[in-house]
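Structural overview for review
Given next are the chains, with one letter for each unit.
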Amino acid sequence: MPAIQELIRTFADRKLMIRRSLGELYESIREFFVATDPSGQVIGCAALHVFWDDLAELKCLAVSERAHGQGIGRGLVEACVDAAQELEIKTVFTLTYVADFFEKCGYHRIDKAELPHKIWNECVRCPLFPNCTEIALVRSVVIEPEFVTAGLDHATNLR
Ligand SMILES: CC(C)(COP(=O)(O)OP(=O)(O)OC[C@H]1O[C@@H](n2cnc3c(N)ncnc32)[C@H](O)[C@@H]1OP(=O)(O)O)[C@@H](O)C(=O)NCCC(=O)NCCS
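For clarity, every value in this text was computed on a predicted model and none was experimentally measured.

**Brief notes about the overall build of the chain**
Looking only at helices and strands, the chain has six helices and six strands in total. Sequence-ordered secondary structure for the chain, helices as α and strands as β, is α-α-β-β-β-α-β-α-β-α-β-α. The 159 residues of the chain split such that 38% are buried. A separation of at least 24 residues holds for 65% of the contacts in the chain among residues at least 6 apart in sequence. Just so you have it, the chain exposes about 9700 Å², and 54% of that area is on carbon and sulfur atoms.

So this is what it looks like as structure tokens:
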């Protein structure tokens, strides 16, 4: 988590992301995916935070500058969407300043007002609230019936 905190800090210093305390990060440790280089150093991170049975947020996406442009950001987005699919969550949203990147990853822009009120809990604690210029985007997650069946088959095989 210190490596994730440091990665986020490099962008938070430039007001591109929200700074996160270590306590906050450890509380959400199970939500994180990381990308590492061959020596095991963290070079990318993203988290999927579940809000409800049909809604999750992709947050804390960051890729170390030395690793930009290699598909790592897209890979982290896909890891979060796969996790949402596994949980059968139909919609993943994000609030971001890099809307063009998310559009390339299958998201589309929506009006922030379309997001349910419960997601603003974190925002009201942010120093930028209510004048933040982040853009809201959503991506629909395809819930495949075969996915559920495959899981059941596997469970049967284990028995
Ligand atoms: C945004 C970020 C995660 C992208 O990571 P990355 O690993 O460089 O991105 P990828 O290599 O996976 O790029 C995937 C595609 O998005 C494009 N892309 C990358 N960054 C982009 C940006 N800032 N704006 C628009 N398009 C972008 C790439 O060109 C690539 O397009 P292609 O498929 O047509 O070739 C990274 O630049 C970053 O960490 N930025 C600072 C932190 C930040 O803003 N995080 C988002 C907070 S919500």
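Now that the structure has been shown, the text picks up again.
**Examining the pairing of strand 2 (residues 42-52)**
Relative to strand 2, strand 1 (residues 32-36) runs antiparallel, the two being bridged by five bridges. The residue bridging Phe-32 from the neighbouring strand is Ala-47, located in strand 2. What sits between strand 1 and strand 2 in their antiparallel hairpin is a turn of five residues, with Gly-40 showing a positive phi close to 90°. Pairing geometry for strand 2 and strand 3 (residues 55-63), over seven bridges, is antiparallel. By the bridge assignment for strand 3, His-49 is matched with Glu-57. Between the antiparallel neighbours strand 2 and strand 3 lie two residues.

**Comments concerning the layout of surface pockets**
Considered as a void within the structure, the largest pocket measures approximately 1000 Å³ in volume. Contributing to the lining of the largest pocket are 44 residues, with Met-17, Lys-59, Cys-60, Leu-61 and Ala-62 lying nearest its centre. Within the residue set of the lining of the largest pocket, elements represented by two or more residues are helix 2 (22-27), strand 2, strand 3, helix 3 (72-86), strand 4 (91-96), helix 4 (99-104) and helix 5 (120-123). Considering every element that reaches the lining of the largest pocket, the biggest residue donor is strand 3, with seven residues. Taken together, the residues of the lining of the largest pocket break down into 22 nonpolar, 10 polar and 12 charged.

**Examining the nonpolar core**
As a rule of thumb, soluble globular proteins bury nonpolar side chains together. Formed by 24 residues in total, the largest nonpolar core has its most connected members in Leu-58, Val-77 and Tyr-107. Among the elements of the structure, strand 2, strand 3, helix 3 and helix 4 are those that each provide at least two residues to this core. The greatest single-element share of this core, amounting to seven residues, is contributed by helix 3. Apart from residues lying up to four places away in sequence, Leu-58 is in contact with Ala-47, Leu-48, Val-77, Cys-80, Val-92, Phe-93, Thr-94, Phe-102 and Tyr-107. If you look at the next biggest cluster of nonpolar residues, it comprises 12 residues, including Ile-8, Phe-32, Cys-45 and Cys-60.

**Some points on the site of the ligand**
Around the ligand, 18 residues are found, and the nearest of them are Leu-61, Val-63, Gly-71, Gly-73 and Arg-74. Take Val-63: an N or O atom from its main chain is 2.8 Å from an oxygen atom of the ligand. The separation between an oxygen atom of the ligand and a polar side-chain atom of Lys-104 is 3.5 Å. Notes on the ligand: free accessible area 910 Å², of which the protein chains cover 73%. Judged by the fraction of its atoms near the pocket grid, the ligand is located in the largest pocket. Its residues placed into classes, the shell around the ligand shows nine nonpolar, six polar and three charged.

**Here we look at the environment of Ala-83**
Position of Ala-83 relative to the elements: it lies in helix 3. A sequence separation of 36 residues divides Ala-83 from Ala-47, and the C-alpha atoms of the two residues are 10.0 Å apart. Apart from residues lying up to four places away in sequence, Ala-83 is in contact with Phe-33 and Leu-48.

Conventions adopted
- Residues numbered from 1 in each chain as written.
- Predicted model: local features only at pLDDT ≥ 70, side-chain atom pairs only at ≥ 80, totals over all residues.
- Heavy atoms only, no water.
- Helix = DSSP H or I, 4+ residues; strand = E, 2+ residues; numbered from the N terminus.
- Buried < 20%, exposed > 50% of the residue type's maximum accessible area, 1.4 Å probe, protein only.
- Contact = heavy atoms within 4.5 Å.
- Areas by Shrake-Rupley, 256 points an atom, 1.4 Å probe, with all protein chains shown as cover.
- Pairing = 2+ DSSP bridges.
- 1 Å grid on protein atoms, 1.4 Å probe; cavity = no way out; pocket = protein on both sides within 12 Å on 5 of 7 lines; lining within 4 Å.
- Points joined across faces, edges and corners; volume = space filled by probe spheres on them.
- Nonpolar A, V, L, I, M, F, W, Y, C, P; charged D, E, K, R; others polar.
- Core = buried A, V, L, I, M, F, W, Y, C linked by side-chain atoms within 4.5 Å.
- Near = heavy atom within 4 Å.
- Polar contact = N/O pair within 3.5 Å; in protein donor to acceptor, adjacent residues only side chain to side chain.
- Sits in = over half its atoms within 2 Å of the grid points.

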